[in-house]
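Inside the fold
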Amino acid sequence: MSLLKAEDVTVLDGGAPLLQPLSLHLDPGEPLVILGETGSGKSLLAQALMGTLPPELTARGRVAIAGRVLDTGSPDRFRGLWGREIGVLPQEPWLSLDPLMRARAQVAETHALVRGLPRGEAAARAQADLAALGLAGAERRYPHELSGGMAQRVAIAAARAGGGRIVIADEPTKGLDAGRRDDVASLLLSEMGDTGGLLVITHDLALARRLGGRLIVLRSGAVVEQGPSRHVFAAPQDAYTREFLAADPENWSARTPWAGMEPAVVSARDLAVSRGGRSLFAGISLRIAPGRIFGVTGPSGCGKSSLGDALLGLIPPDRGTVTRRPGDHPHAMQKLYQDPVAAFPRKRSIGQTLADTVAVSGGNSADVDGLLDRLGLDPTLLGRRPGAVSGGELQRLSLLRVLLRSPSFVFTDEPTSRLDPISQARVIRLLTEISEKDGVALMLVSHYAALIRNTADTVLSLDAAGTAAISEPATFGTPVAEALT
């Protein structure tokens, strides 16, 4: 018997359908993966199944779970299922964590309030949960003291602590390196076992392959293909599915390093940085010239983001020097944040925020329309608030806002972590074009080694022990061109 069965679930914005009628079933011991590009309706489906859609959107259809048949148009009736029957891993870990609670306390709270464990036992279980996810030693940190990948893992531990038989995971590996991604996949499969249910919303092809089970491919709110995962990956029948699979960075061609020797926009000598009392790295020297892409890769928590923050002057280095090109305008040094949801005012529309950026930067409002088109974004998104925009769309809007300032250096912190392969290829191609044509120096940070290897002129590899190695790819072609043809 299915643990969850959905019939003709539809999501509407006024009278306009965002998700076409969709039916599915979730069986014990068999993962169900919903795969699709940014804005395809994946997260809307998860929210409709949980009764957590934004108030401006409505749902239709029925969901049967735990012996109850619920109308998706009456979301309040779903609240009794949260935690006890269904655990949810949200797409934005920062929004699911209490900024005033330490990591262990957040997980222990679920054990105590949902499972009813005594305080001491709840704390011990929380400690074990965090250790199983590689977070031993981070139990007393607040969310702002965690890297994006670490915050994601704390959210996973908190969500599964309630003991619900069904887990709905919305992009559970977003921002995680390959090793952590596989750890999370193993954890989710282990928790599901033979009797639990696992519904995963993702654009991560490696995760979908690792989970197996059944696969539903969404595009523009409609199902284009479905079946056993192994069959879809081996022989996709729909043209869109084939395009989606081909856009994986592993299939990109490499680019030739930029040969120019212009003065650096930003450089560092013998740089050492620590955070939270822990040394991240030491002895790093680098220079990033106009038109060059400096790639940084490594596991979560190794110091990739801290290196970029030090170059921008957002945090002081322990030792070493950072030199920035004199004479640049006040907005020349920009950061594209890893978590765009935290960088946008929640109560203002996207269009209002971009208009403010244009006004402060002295730019041209016509540039917004051109960048929307180049980033594959619908102009109607400008009328929405950040909470009504998908994570991938918001990430591209963050890039648009940065580019409106005409920067000379951009620290792009995991700029494609929320993007599907097709959108990811489009964004990386845009960044490459801007770097080459406008002479913008880029520091591109990503946990995805293939993306960095096939995009950057120079690659800095960091590891968890603080060891750094710099290399320059020997070959160059046109990045991502093959993925977009």
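What you see is a predicted model; the values in this text were computed from it and never measured. Per-chain numbering applies: the sequence of each chain, read as written, is numbered from 1 onward. Restriction of local features to residues with pLDDT of at least 70 applies here, the model being predicted, together with a cutoff of 80 or more for giving and counting side-chain atom pairs; totals for whole chains, interfaces and linings are based on all residues. Side-chain measures here rest on the full set of heavy atoms in the structure, leaving out hydrogens and waters.

Buriedness of a pocket was judged along seven lines, with at least five required to meet protein on both sides within 12 Å; pockets are open sets of points on a 1 Å grid over the protein atoms alone, cavities are sets where a 1.4 Å probe fits but cannot get out, and lining residues have an atom within 4 Å of a point. Grid points are joined across faces, edges and corners, and a volume is the space filled by probe spheres set on the points. Per the counting criterion, the structure on display carries 2 cavities of 30 Å³ or more. Counted as a void, the second largest cavity has a volume near 40 Å³. Each helix is a run of DSSP H or I of at least 4 residues and each strand a run of E of at least 2, with the numbering of both proceeding from the N terminus. Elements supplying a minimum of two residues to the lining of the second largest cavity: β12 (278–288) and β13 (293–297).

Turning next to the side chain of E393. Among the secondary structure elements, E393 is positioned in helix α13 (residues 391–403). Here E393 sits buried without a salt bridge, and the closest side chain of opposite charge, R384, lies 4.8 Å off (N-O distance). What E393 contacts, discounting residues up to four positions off in sequence, is T38, G39, L377 and L381. Relative accessibility decides the category of a residue: with a 1.4 Å probe and only protein chains considered, values under 20% of the type maximum give buried, values over 50% give exposed, and everything between is partly exposed. As used throughout, the charge tally considers Lys and Arg to be positive and Asp and Glu to be negative, leaving His and the chain termini uncounted. Think of a salt bridge as a Lys or Arg side-chain nitrogen and an Asp or Glu carboxyl oxygen that are within 4 Å of each other. Contacts are assigned to residue pairs that have any heavy atoms within 4.5 Å of one another.

Helical geometry: 3.6 residues make up each α-helical turn, so side chains three or four residues apart lie on a common side. Among the 9 residues in helix α1 (residues 42–50), 8 count as buried, and that is most of the element. Every buried residue belonging to α1 is among K42, S43, L44, L45, A46, A48, L49 and M50, and all of these are buried. Of the residues trailing α1, G51 is marked for its positive phi of about 75°.

Applying the stated criterion to the full structure yields 11 salt bridges. The partner of R453 in a salt bridge is E250, and the shortest N-O contact between them spans 3.6 Å. Placement of the pair is R453 in helix α15 (residues 449–453) and E250 in the loop between α9 (239–246) and β11 (266–275), with a sequence separation of 203 residues. According to the relative accessible area criterion, R453 is partly exposed, its value standing at 42%.

Bear in mind that the domain bounds are from an automatic or database domain assignment. Once the domains are mapped, the protein chain shows domain 1 (4–251) and domain 2 (266–483). Its C-alpha centre places domain 1 at a distance of 27 Å from the equivalent point of domain 2. Domain 1 puts 33 residues into the contact, and the matching count from domain 2 is 34 residues. Both faces considered, domain 1 and domain 2 share a buried interface measuring about 2,500 Å² in area, 53% of it formed by carbon and sulfur atoms. Our enumeration of links across domain 1 and domain 2 arrives at 1 salt bridge. The buried area of a pairing is the accessible area, by a 1.4 Å probe, that goes missing from both parts when the two are put together, added over both.

Turning next to helix α14 (residues 421–438). One fewer than the residue count of a helix, multiplied by 1.5 Å, yields its expected span. Between the first and last C-alpha of α14 there are 25 Å, a value that for 18 residues agrees with the 26 Å anticipated at 1.5 Å per step. Of all the positions in α14, only P421, I422, S423, Q424, A425, V427, I428, L430, L431, T432, I434 and S435 are classed as buried. Once α14 finishes, G439 follows within two positions and takes phi at roughly 70°, a positive value.

Looking now at the packing of helix α3 (residues 103–113) against helix α4 (residues 119–132). As a rule, the C-alpha atoms of each element are fitted with a line to give its axis, helices using only the stretch in contact, and angles between N-to-C directions run from 0 to 180 degrees. Where α3 meets α4, the axes come as close as 8 Å, and the angle between the chain directions of the two elements is 125°. With respect to α4, the axis of α3 lies oblique. The handedness of the crossing between α3 and α4 is right-handed. Facing A103, R104, V107, A108, H111 and A112 of α3, the residues of α4 in contact are A122, A123, R125, A126, Q127, D129 and L130. Polar here means any residue outside two lists: the nonpolar Ala, Val, Leu, Ile, Met, Phe, Trp, Tyr, Cys and Pro, and the charged Asp, Glu, Lys and Arg; Gly therefore counts as polar. Broken down by class, the residue content of the contact of α3 with α4 amounts to 8 nonpolar, 2 polar and 3 charged. We call two directions roughly parallel when the angle between them is under 35 degrees, roughly antiparallel when it is over 145, roughly perpendicular when it lies between 65 and 115, and oblique otherwise. Each crossing is labelled by how the near helix is turned from the far one, with a counterclockwise turn of less than a right angle marking it left-handed and a clockwise turn marking it right-handed.

So, on to the environment of V217. Mapped onto the elements, V217 comes out in strand β9 (residues 214–219). The exposure class of V217 is buried, given its relative accessible area of 3%. In this view, V217 contacts L35, A222, V223, V224, E225, Y240 and T241; residues no more than four positions away in its chain are not counted.

Moving on, we get to the pairing of strand β3 (residues 32–36). The buried count for β3 comes to 5 of 5 residues, which makes it a mostly enclosed element. In this structure, β3 lies alongside β9, joined through 5 bridges in parallel fashion. Within β9, the residue paired with L32 across the bridge is R214. Two strands pair if DSSP finds at least two bridges between them.

We now examine the confidence of the model for the protein chain. Mean pLDDT for the protein chain: 87, with 95% of residues reaching 70 or above. Residue-level confidence of the predictor, termed pLDDT, takes values from 0 up to 100. Every residue in residues 474–485 scores below 50 in pLDDT, and together they form 33 contacts with partners more than four places removed in sequence or on other chains.

As for its position among the elements, T353 is in helix α11 (residues 350–361). For T353, a relative accessible area of 5% translates into the label buried. Residue contacts for T353: discarding those within four places in its chain leaves F344, P345, R348 and R401.

On to the pairing of strand β2 (residues 16–26). Across 7 bridges, the pairing between strand β1 (residues 4–13) and β2 is antiparallel. Residue pairing for β2: L12 is matched across the bridge by P17. In this structure, the hairpin formed by β1 and β2 is closed by a connection of 2 residues, where G14 is found at a positive phi of approximately 70°.

Another point: the sheet that holds β11. Ordered in space as β12-β11-β14, the 3 strands form an open sheet in which the pairing is antiparallel. Each of the sheet's edge strands pairs with one partner strand only, and the pair in question is β12 and β14 (319–324). Strand-to-strand twist of the sheet, defined as the mean angle between neighbouring strand axes without regard to direction, takes the value 25°. On top of the sheet, helix α10 (residues 304–312) reaches β11, β12 and β14; it is set at about 125° to β11, its chief contact.

Strand order across the open sheet formed by 6 strands is β6-β7-β8-β3-β9-β10, with mixed pairing between neighbours. The sheet terminates laterally at β6 (86–89) and β10 (222–228), the two strands that pair on one side only. Ignoring strand direction, the axes of neighbouring strands in this sheet form an average angle of 15°. Summarising the sheet, strand β7 (residues 166–170) and strand β8 (residues 197–202) pair through 5 bridges and their orientation is parallel. Along β8, the bridge assignment pairs I168 with L199. Helix-sheet contacts for α1 involve β3, β6, β7, β8 and β9, and the interaxial angle to β8 is about 145°.

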